[in-house]
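# Commentary on secondary and tertiary structure
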Amino acid sequence: NKNTTWAPQFEVREIDDSYQIFAELPGMSKKQIDIEISDNLITISGEKDKSDDNKSNGYNFSKLSYGKFSRSFRLSEDILPDKISAKMKDGILAIFVPRMEPVKPESKKIAIK
């Protein structure tokens, strides 16, 4: 069934200077995955097709997950959208979302006239 959905496992870590988002996407290539950001909402989506090999071998039982998925995460407003990077290795998608350094209040000496 082409319309089935599945829910890959995600992990979000908040580090001082960034967010790190990891997803387990076994059997998927980076071409099958989309990452979008809009208004501090990052959305990871994709589709894992069922391979035709399974049909031709006559299997009628499968615990493997196929179909579409989409997952969104709300991030704080101090992210740097232009600096977001992503990489995929061994079925793990890693997304790095840098954050702005907190602005430290400037102290200024006032001269007494």
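These numbers were taken from a predicted model, which means no experiment stands behind them. (Residues numbered from 1 in each chain as written. Predicted model: local features only at pLDDT ≥ 70, side-chain atom pairs only at ≥ 80, totals over all residues. Heavy atoms only, no water.)

This part is about the environment of I35. Structurally, the position occupied by I35 is in strand β3 (residues 33-38). By relative accessible area, I35 is classed as partly exposed at 35%. A sequence separation of 36 residues divides I35 from R71, and the C-alpha atoms of the two residues are 9.8 Å apart. Not counting residues up to four positions away in its chain, the partners in contact with I35 are I42, T43, I44, A86, L93 and I95. (Helix = DSSP H or I, 4+ residues; strand = E, 2+ residues; numbered from the N terminus. Buried < 20%, exposed > 50% of the residue type's maximum accessible area, 1.4 Å probe, protein only. Contact = heavy atoms within 4.5 Å.)

Turning next to the packing of aromatic side chains. This structure, assessed with the given rule, holds three aromatic pairs. Plain terms: the ring middles of W6 and F69 are 5.6 Å apart, the flat faces sit at 70 degrees to each other, and that makes the pair edge-to-face. Residue W6 is found in the segment before β1 (10-15), and its partner F69 is found in strand β5 (residues 67-74); the two are separated by 63 residues along the sequence. Take F69: its relative accessible area is 5%, and that puts it in the buried class. Against the face of W6 rests K48, its NZ or CZ located 5.4 Å from the ring centre. Sitting over the ring of Y66, K48 keeps its end group 5.6 Å from the ring centre. (Phe/Tyr/Trp six-rings, centres within 6.5 Å; stacked < 30°, edge-to-face > 60°. Lys NZ or Arg CZ within 6 Å of the ring centre and 35° of its normal.)

What follows concerns the sheet that holds β3. Judged by pairing direction, the sheet is antiparallel, and its three strands sit side by side in the order β3-β4-β5 without closing on themselves. On the outer flanks of this sheet lie β3 and β5, each paired with one strand and no other. Each neighbouring strand pair of the sheet contributes to a mean axis angle of 15 degrees, computed without reference to strand direction. One ladder, built from eight bridges, connects strand β4 (residues 41-48) with β5; its direction is antiparallel. Pairing of E47 across the sheet is with K68, part of β5. (Pairing = 2+ DSSP bridges. Axes fitted to C-alpha atoms, helices over the stretch in contact; angles between N-to-C directions.)

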